[in-house]
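Descriptive structure summary
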Amino acid sequence: MKGFYRSKYTTPSGEVRYAAVTQFEATDARRAFPCWDEPAIKATFDISLVVPKDRVALSNMNVVDRKPYPDDENVVEVKFARTPVMSTYLVAFVVGEYDFVETRSKDGVCVRVYTPVGKAEQGKFALEVAAKTLPFYKDYFNVPYPLPKIDLIAIADFAAGAMENWGLVTYRETALLIDPKNSCSSSRQWVALVVGHELAHQWFGNLVTMEWWTHLWLNEGFASWIEYLCVDHCFPEYDIWTQFVSADYTRAQELDALDNSHPIEVSVGHPSEVDEIFDAISYSKGASVIRMLHDYIGDKDFKKGMNMYLTKFQQKNAATEDLWESLESASGKPIAAVMNTWTKQMGFPLIYVEAEQVEDDRLLKLSQRKFCASGPYVGEDCPQWMVPITVSTSEDPNYVKLKILMDKPEMNVVLKNVKPDQWVKLNLGTVGFYRTQYSAAMLESLLPGIRDLSLPPVDRLGLQNDLFSLARAGIISTVEVLKVMEAFVNEPNYTVWSDLSCNLGILSTLLSHTDFYEEIQEFVKDVFSPIGERLGWDPKPGEGHLDALLRGLVLGKLGKAGHKTTLEEARRRFKDHVEGKQVLSADLRSPVYLTVLKHGDGTTLDVMLKLHKQADMQEEKNRIERVLGATLSPELIQKVLTFALSEEVRPQDTVSVIGGVAGGSKHGRKAAWKFIKDNWEELYNRYQGGFLISRLIKLSVEGFAVDKMAGEVKAFFESHPAPSAERTIQQCCENILLNAAWLKRDAESIHQYLLQRKALPATA
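Residues numbered from 1 in each chain as written. Predicted model: local features only at pLDDT ≥ 70, side-chain atom pairs only at ≥ 80, totals over all residues. Heavy atoms only, no water.

**A few points about the UniProt feature "binding site: Zn(2+)" (unreviewed entry) in the chain**
Applied cut-off: UniProt positions are given in the numbering used here, feature names are shortened, and annotations may be inferred rather than shown by experiment. Numbered from the N terminus, helices here are DSSP runs of H or I no shorter than four residues, and strands are runs of E no shorter than two. Each residue's exposure class comes from its accessible area (1.4 Å probe, protein chains only) as a fraction of the maximum for that residue type: buried when under 20%, exposed when over 50%, partly exposed otherwise. Contacts were defined at the residue level, with two residues in contact if any of their heavy atoms lie within 4.5 Å. Any pair of N or O atoms that falls within 3.5 Å is considered a polar contact. Within protein, one atom must be able to donate a hydrogen and the other to accept it, and sequence-neighbouring residues count only if both atoms are side-chain atoms.
Summarizing the sequence annotation, UniProt attributes the feature "binding site: Zn(2+)" (unreviewed entry) to H197, H201 and E220 in the numbering used throughout. The named residues occupy 24 residues along the chain; their greatest pairwise C-alpha distance, 8.6 Å, places them in one compact cluster. Secondary-structure assignment places H197 in helix α2 (residues 185-201). For H197, a relative accessible area of 7% puts it in the buried group. By the secondary structure assignment, E220 is in helix α3 (residues 216-234). Apart from residues no more than four positions distant in its own chain, E220 is found in contact with E25, E164, H197, H201, F278, S282 and Y283. One polar contact links E220 to H197, side chain to side chain, over a distance of 3.0 Å.

And the structure:
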């Protein structure tokens, strides 16, 4: 799926056909035509395609001429306008059969969404988002969109989520197509974010391009931040910035706490090293530090600096320092000095804070150390960061009472007029890229703010996530965190639940290595059943996007844990769905499919595979592929793994089927790892030199928690090298060892706590 390649699709009548498409980033334009294939060697491109006359031919620019080809009456020559000065990795062409929907943005740019034949309807949502997004960016950057048209096109076989080719953006079908009846809320949100991301690149990346791949993070981190700004503008009801924290910020921190992380800026020498940095550090940590920077500078000066940068370097190349320089002259703040501490060294700080009341004031003592997944930082020179720190109090939890830049290892700060009974919290809005460890007394005073919801949602989420990470690192006990999790009983917010759910999932996987796995399932049921009962199965009048997401999340969690009434209802609704009596709403499909499969048999799996075959929409096929791994019996697990490599599954989706098996159960994990070893040659040939190979390895081995497995994984890849996944393999081995240490350290106390909870009389 790289260079100029062939993509297979099926026509509405069931015939297999091929389209010809391109994917050149990072270094594959050279597979299609001879060129200086480096981002800084820009040129203009005159493109002509000779194609069958009944096919659609697209490229970066608009068509200027279409004439019969002298030697063959079945083909035509299509000539496109000359491109602006641009990099080779952004050149694109597509030949195939497509329908489209079109509109003009209010700035007069022609916008089209190309879909598989017969599915033009499904391009309307993305079209609407794109038409709103172009003027938003034009205003934000104060630079007009530079080309006469933009096309967004759905490609059947596509390795990435999407690719920002200038004027012709390519997407996986699931990142572009929305069917009003069969698409779930999370798919709509995903499409909105991906469209926002790729269109941001038309300015940031395409008009001004990174000097060299070392600065890839600048492209990706920036687009990953501004996609949220754009979706927040188009769909304020998504509360998307809270979701950013659980989707990007916490994910980046998880990876960046490892010894095998890397700085945001990495020097790159060989093409395989470029593939390696398309990861959560470049995207999610990049986006998180830009969010922190935006907050530190303020929106007005940030926009001013962005405009200076884009105007100064348009049609040219720029490095990270150039952006800092523009932002510095717009804001008058020491941007380069602050940001170098975040982009040039890996990791991030843990801020330890204690407080004492001095008459009417509160004295805070802060200290920073690098946060390590393996426990307190040991070693000589501890790296230091320049940390923008905000403080809020219970007097007004949404208001920043104090803003400081912490530029040394320790600092004392005085908060004026804080009464003894008021709590104090760091990192309002969870914007600063650091974790916080409070003294016991400070933490104690914050917990009621979770129960009575006086702490804002994103702060409740941040607090819980920090505690969970501290427990994982052995700095506090896991039991402490379980107690905090129980304080979330009144929680109404989807994103907070989503993050809790993620952490409980990690803990569940860890405890699947013990003989008290059932006890943690009981805990999950206890935590999730009150919210499950409040929500019920069917949408209530006046509910919105976030309620739909929350219902799916909670029912899936309860169903997976084997909550009796949830399981019965899921089976009943599944039966009606299959028999065509009552089709499941798109938002309930994943949780229902997962629940019936996990507690089902071979017949259930056969029905699921039949639904997969019948599904016309890629989103539905993916939805089924992702849950197949929930099945529990060894022979059914084998059947699912065999299915993963069959013709039925698109090449880019095999990864999520195998990953689903590994994440589904203890047996699944072993089976998936064996399957990867047995089929390594085929898998490697299919995905080598792309990030899918890294994703495959990560999904299948990171759940292990026995020291010797780390050795086994390491040994296998020593004899079967995968250069573009080298860092991922080191990170996975490190995670396995960390899991094993966590289990040794806390398993017994967790078990005791769960038993003791069971023995207590239930409290209303």
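**Considering the pattern of salt bridges**
Let me state the cut-off plainly: Basic side-chain nitrogens of Lys or Arg form a salt bridge, by our definition, when they fall within 4 Å of a carboxyl oxygen of Asp or Glu.
A full pass over the atoms with the stated rule returns 50 salt bridges. With a shortest N-O distance of 3.6 Å, K303 and D299 are connected by a salt bridge. One end of the pair, K303, and the other, D299, are both in helix α7 (residues 299-313), 4 residues apart, so they sit about a helical turn from each other. Overall, the relative accessible area of 31% leaves K303 in the partly exposed class. Look at the salt bridges and you will find they share partners, linking D538, E569, R572, R573 and D576 into a network.

**Looking at the UniProt feature "domain: Peptidase M1 membrane alanine aminopeptidase" (unreviewed entry) in the chain**
Within this numbering scheme, the UniProt entry marks residues 125-342 as carrying the feature "domain: Peptidase M1 membrane alanine aminopeptidase" (unreviewed entry). For residues 125-342, the end-to-end C-alpha separation is 37 Å, with 59% helix and 8% strand making up the annotated structure.

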